[in-house]
Amino acid sequence: SQEVNSITIDDGKIYLCTNDGLWIKENNELKRFNTGLEPNIETGNYESLYATKINENLYLGTSNGVYRLNSKNNTWIDISNGIERLPNKALNVKH
């Protein structure tokens, strides 16, 4: 399923979070960025829920955790340490 979960627009780029991963549209070109993401254990899909850009870093919330994009090689780095996944797919962040 390529259902769109959220859309983020930043600096001329459009970030589409879908059940098939993150798609980025820039200069009339659409590319999927899933390298480094873990698929959902139940569905096998790369369920991307929300993307945000903070201080030139792109972050992605998925059904399996939170990731930061390594812009040098366009791969995702899992930064979910300390985040608990609840049965309803919500994230429980421990401070």
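Check the entry above for the structure.
In every chain, residue numbers begin from 1 and rise along the written sequence. Only residues with pLDDT of at least 70 get local features here, since the model is predicted, and only at 80 or more are side-chain atom pairs given and counted; chain-wide, interface and lining totals rely on the full set of residues. With hydrogens and water excluded, all non-hydrogen atoms of the structure serve as input to the side-chain values.

Novice: Can you walk me through the sheet that holds strand β7 (residues 65–70) in this structure?
Specialist: Backbone-to-backbone hydrogen bonds pair the strands of a sheet. The strands run either parallel or antiparallel. Two strands pair if DSSP finds at least two bridges between them. Here a helix means four or more residues in a row that DSSP labels H or I, a strand means two or more in a row labelled E, and each is numbered from the N terminus. Taken together, the four strands give an open sheet; going across it, the order is β5-β6-β7-β8, and neighbouring strands pair in antiparallel fashion. The open sheet terminates on both sides in strands that have one partner only, identified here as β5 (48–54) and β8 (75–78). Here the average twist between neighbouring strands, direction ignored, is 30 degrees. Only the stretch in contact is used when a helix axis is fitted, and all axes are lines through C-alpha atoms; the angle between N-to-C directions ranges over 0 to 180 degrees.

Novice: What is the right way to read the sheet that holds strand β4 (residues 29–33) from this model?
Specialist: Strand order in this open sheet of four strands is β1-β2-β3-β4, and the pairing throughout is antiparallel. Two strands lie at the open edges of the sheet, namely β1 (4–10) and β4, each paired on one side alone. Taking the axes of each pair of neighbouring strands and ignoring which way they run, one obtains an average angle of 20 degrees across the sheet. As paired strands, β1 and strand β2 (residues 13–18) are joined by six bridges and run antiparallel to one another. Residue serine 6 lies in a different strand from β2, and its bridge partner there is cysteine 17.

Novice: It is not clear to me how the nonpolar core should be interpreted in this structure. Could you clarify?
Specialist: One broad rule of soluble globular proteins: the nonpolar side chains tend to lie buried together. Of all hydrophobic cores here, the largest spans 12 residues; its members are Tyr15, Cys17, Leu22, Ile24, Phe33, Leu37, Ala51, Leu58, Leu60, Tyr67, Leu69 and Trp76. Looking at this core, the elements with two or more residues in it are β2, β3 (21–26), β6 (57–62) and β7. In what follows, residue pairs with any heavy atoms lying within 4.5 Å of each other are defined as contacts. For alanine 51, the contacting residues outside a window of four places in its chain are Ser6, Thr8, Tyr15, Cys17, Leu22, Leu58, Tyr59 and Leu60. Here the nonpolar core consists of buried residues drawn from Ala, Val, Leu, Ile, Met, Phe, Trp, Tyr and Cys, with membership extended through side-chain atoms lying within 4.5 Å. Between buried and exposed lies partly exposed: a residue is buried under 20% and exposed over 50% of the maximum accessible area for its type, with that area taken using a 1.4 Å probe on protein chains only.

Novice: I would appreciate a short explanation of the side chain of serine 80 in the present structure.
Specialist: By the element assignment, serine 80 lies in the loop between β8 and β9 (83–85). Given a relative accessible area of 13%, serine 80 falls into the buried group. A polar contact of 2.7 Å, which involves the side chain of serine 80, links it to the backbone nitrogen of valine 66. A distance of 2.7 Å separates the side chain of serine 80 from the side chain of aspartate 78, its partner in a polar contact. Setting aside anything within four residues of it in sequence, one finds serine 80 in contact with Asn64, Gly65 and Val66. Pairing of N or O atoms within 3.5 Å defines a polar contact, subject to two protein rules: one partner must be a possible hydrogen donor and the other a possible acceptor, and residues neighboring in sequence count only if both atoms are side-chain atoms.

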